[in-house]
Amino acid sequence: MGRIIGKEEPYDAIVVGSGITGGWAAKELCERGLRTLVIERGRHVEHGKDYVTEWLKPWQLAHRGQGEQELYQRDYPIQSHNYAFGEATRHFFVNDREHPYVTPDDKPFRWIRGYQLGGRSLIWGRACWRWSDLDFTANARDGHGGDWPIRYHDLAPWYDHVERFVGVSGERLGLPHLPDGEFLPAWQMNCAEGVVKRGIERAFPGRHMTLTRVANLTQAHLGRGPCQARNQCARGCSFGGYFSSLSATLPAARQTGRLTVITDAIVHSVIYDERRDRATGVRVIDAHTKATHEYFGRIVFLCASTLATAQILLNSKSPRFTTGLANSSGEVGHNLMDHISKAGARGVVPGLEDKYVYGRRPTGTYIPRFRNLGVRGEAKVEFLRGYGIQAGAGRDGWARGADEPGLGVELKQRLREPGPWQMSLQGYGECLPRHENFVDLDPARTDPSGMPLLRVHCAWSENERAIREDVKAQAAHMLEAAGCREVVTYDDDGPPGFSVHEMGTARMGKDPKTSVVNAYNQAHDVPNLFVTDGACMASSSCVNPSLTYMAITVRAVDHAVSELKRGNL
Amino acid sequence: MVATIAEHILPETDTPGARAVGVHRFIDAMVAESYTAEERQRFLDGLAGLDSRAFLACTASDQLAMLGELDRASDPFFRSLKDLTLVGYYTSEVGATRELQYVPLPGRYDGCVPLARIGRTWAV
């Protein structure tokens, strides 16, 4: 490591990472009166000004959106698989060549990252679903993973809290396993989706299709938005139409006057003081000069994202913690999960030739989980847990001209009208927690910043494969039942990580022998160290996890602040 | 020759065709900058396989007939040319805003409107 320069005045709180949980931790800590330092490893991005592609029209992109394949293969071989990656968003994804990690040849892992202020909150999918006790009791009921130390009623008020600030557009469903929240008006379904919805709900009583609950504002909210229906969120949105650290939480934190942010600063390790038995701060490597700084704080929140937080903990060794900070259980790095996805079915919704849409809706529809709900008389299936289905319909555009014969005047005239309505269903399914899915540090090699390379050992297993099969079969059944034609299933399976819902490497639990953090996300071993990003998750549910990360974070901050005030930290 | 083929695929009608929009320039740039080395070689091989002198010496209607045959036979090189032509045309300003339509800032989403009220395919 380089020379240590500068010793700062201690902060009240240090937050590692400025992504979706780091931004929330910063806002809540600052609003509660704590002088807070946020440390972001990536570059500074200014909301609005630095959304450099936001206003580019298709003909203003150098390659009209087609990108440069050799550049992607060389510098973005992993990131370029992500649905949000493209010519207009590449600058919000990491350069894979500059940020390597290690996997065994037979266990690839797709680590999708964005190293900038705001992190992946700039490029996330924005779906916001609450968990229920079906999720929080899953580990206890089937014995995979360790029991969650919390239940839905512990988190409910914090879901309320975050939804009120975020602004989630959606509709209430009254489903016990997908709790309702406080919503702005839902986005509209289009006519084809309406037809499919009615067909599915009639043919399969108990199944529902709704509009995705999404962090895109259908009306102005706390000075942000509304969303302008451009469906290009990952370019950044100067309207604040969608929730991100840059549009919402960091500005709120800044308004308190208590926030300090440093960027281009990579946390190398948490400083643990053996004598005082507490975390006292972090060691940071300057991303450009490689010089080292130390920052001190009374509490430390790790919000660096699932894999990065594990890497920091494992790299924070000391005489008491020879295998990594807060790792007396041996579980740091273990129980890594992701969701399965990219399996489903497509079909043509007949008719509706005289109907179209106005605007570009930034989300789709959703079929909530209907498997293994624990209700009497439900179908028995060959897998545990379940999946939800992301769906949507749209009319084919001009690109269909390349797939069919036809040229000349006839082609041009034909493409002036949109093509048939296509409906697509894609399952997102739960992954069981397994000890043998884990990350650790390469004992020999380091990355360009001097951190030991992260090694990821993660593979799908039988339960996840069984879920994929049921997704495809059910998706096809539902489309057929709804009257769709030319129904086909598809399966674009990928390695763990590809759903960008990686979580679990510092799990919550009641027992310090089998978990890393407690019911309030305090490390069992180091009570003033908190982990509230995806690392803390003890199971994965099948719904998008970010809303739950947010609620867990704000609840942990509330506890941390109370404990500080009581003199316990 | 690429410009001629592109114009046959998307000719001038009541709006400019592929040649006037400069689709051949787009195709050149795509092949040179967007494609991988492998894709580029395949494209250039395919192009060389078309006898350009003979093709350009034919009448326009003979040219169209030849291309129509390649199209119906799903000739892979012709299909890639057709794909490039469509992309180059419909992502151009003329293609997106005059032949089709494009609204940079819709401001709202209406899920079920009469096609007659919208009029034409959205370019994006």
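Because the structure is predicted, anything quoted here is derived from the model rather than measured.

Asks: Explain the overall build of chain A here, please?
Replies: A tally of helices and strands in chain A yields 11 helices and 19 strands. The C-alpha atoms of chain A give 24 Å as radius of gyration, which agrees with the globular expectation for 569 residues (25 Å, within 12%). Dimensions of chain A along its principal axes, counting C-alpha atoms only, are 80 × 55 × 50 Å. Of the contacts formed within chain A by residues at least 6 apart in sequence, a portion of 72% connects residues at least 24 apart. As displayed, chain A has an accessible area near 20,400 Å², and 48% of this comes from carbon and sulfur atoms. Charge-centre separation for chain A: the mean point of 69 positive side chains lies 3 Å from the mean point of 66 negative side chains.

Asks: Teacher, can you tell me more about the interface of chain B and chain A here?
Replies: Where the parts come together, the accessible area they lose is often given as the size of the interface. If you look at the interface, chain B gives 60 residues, while chain A gives 49 residues. Roughly 4,900 Å² is buried in total at the junction of chain B and chain A, and carbon and sulfur atoms are behind 60% of that figure. For the interface between chain B and chain A, the tally reads 3 salt bridges. For B:Glu99, the salt bridge goes to A:Arg416, with nearest N and O atoms at 2.7 Å. Contributing elements (two or more residues each) for the side of chain B that touches chain A: helix H1 (2-9), helix H3 (23-34), helix H4 (37-49), helix H6 (60-72), helix H7 (76-90), helix H8 (93-99), strand S1 (110-114) and helix H9 (115-118) of chain B. The element contributing the most residues to the side of chain B that touches chain A is H7(B), with 9 residues. Split by residue class, the side of chain B that touches chain A holds 31 nonpolar, 14 polar and 15 charged.

Asks: Would you mind showing me how to read the nonpolar core here?
Replies: A general feature of soluble globular proteins is that nonpolar side chains tend to end up buried together. In terms of nonpolar packing, the biggest core is built from 174 residues, with A:Leu29, A:Ile39, A:Phe243, A:Val282, A:Ile299, A:Phe301 and A:Leu529 touching the most fellow members. With 11 residues, the single largest contributor to this core is helix H11 (residues 546-565) of chain A. In contact with A:Ile299, other than residues within four places in its own chain, are A:Asp12, A:Ala13, A:Ile14, A:Leu29, A:Leu34, A:Asn528, A:Phe530, A:Ala560, A:Leu564 and A:Leu569. Ranked by size, the runner-up nonpolar core spans 34 residues in total, among them A:Trp398, B:Ile5, B:Phe78 and B:Leu84.

Asks: Would you mind showing me how to read the environment of A:Lys412 here?
Replies: Structurally, A:Lys412 is set in helix H9 (residues 409-415). With 14 residues separating them in the primary sequence, A:Lys412 and A:Trp398 have C-alpha atoms 9.0 Å apart. Setting aside its immediate chain neighbours within four residues, A:Lys412 contacts B:Leu10, B:Pro11, B:Glu12, B:Thr13, B:Thr15, B:Pro16, B:Gly17, B:Tyr89, B:Tyr90 and B:Glu99. Side-chain polar atoms of A:Lys412 contact the backbone oxygen of B:Pro11, separated by 2.8 Å.

Asks: Sorry, what's going on with the pattern of salt bridges here?
Replies: Inspection of the entire model under this criterion finds 43 salt bridges over all chains. Put simply, A:Arg371 and A:Asp470 hold a salt bridge, and the shortest N to O gap is 2.7 Å. With A:Arg371 in the loop between strand S13 (365-367) and strand S14 (387-395) and A:Asp470 in helix H10 (residues 462-481), this residue pair connects regions lying 99 residues apart in the sequence. We note that A:Arg371, like A:Asp470, is buried. When the shortest N-O distance is used, the salt bridge between B:Lys82 and B:Asp71 registers 3.1 Å. With B:Lys82 in helix H7 and B:Asp71 in helix H6, this pair connects stretches of sequence that are 11 residues apart. By relative accessible area, which is 1% here, B:Asp71 ends up buried.

Asks: Just to check I follow, could you spell out the environment of A:Leu407 for this structure?
Replies: Mapped onto the fold, A:Leu407 is located in the loop between S14 and H9. By relative accessible area, which is 14% here, A:Leu407 ends up buried. Beyond its immediate stretch of four places on either side in the chain, A:Leu407 contacts B:His8, B:Ile9, B:Leu64, B:Leu67, B:Gly68, B:Asp71 and B:Phe78.

Asks: Explanation requested: the pairing of strand S11 (residues 343-349) of chain A in the structure shown.
Replies: Look at any regular strand and the pattern is simple: side chains alternate between the two faces of the sheet. Residues and elements named next belong to chain A. With 6 of its 7 residues buried, S11 lies for the most part within the structure. Judged from the 5 bridges that link them, S11 and strand S18 (residues 485-491) form a sheet pairing that is antiparallel. Along S18, the bridge assignment pairs Val 348 with Arg 485.

Parameters and conventions
Residues numbered from 1 in each chain as written. Chains lettered and ligands numbered in written order. Predicted model: local features only at pLDDT ≥ 70, side-chain atom pairs only at ≥ 80, totals over all residues. Heavy atoms only, no water. Helix = DSSP H or I, 4+ residues; strand = E, 2+ residues; numbered from the N terminus. Rg over C-alpha atoms; globule rule 2.2 N^0.38 Å. Contact = heavy atoms within 4.5 Å. Areas by Shrake-Rupley, 256 points an atom, 1.4 Å probe, with all protein chains shown as cover. Lys, Arg positive; Asp, Glu negative; His and termini not counted. Charge placed at Lys NZ, Arg CZ, Asp CG, Glu CD. Buried area = accessible area lost by both parts, 1.4 Å probe. Salt bridge = Lys/Arg side-chain N within 4 Å of Asp/Glu carboxyl O. Nonpolar A, V, L, I, M, F, W, Y, C, P; charged D, E, K, R; others polar. Core = buried A, V, L, I, M, F, W, Y, C linked by side-chain atoms within 4.5 Å. Buried < 20%, exposed > 50% of the residue type's maximum accessible area, 1.4 Å probe, protein only. Polar contact = N/O pair within 3.5 Å; in protein donor to acceptor, adjacent residues only side chain to side chain. Pairing = 2+ DSSP bridges.

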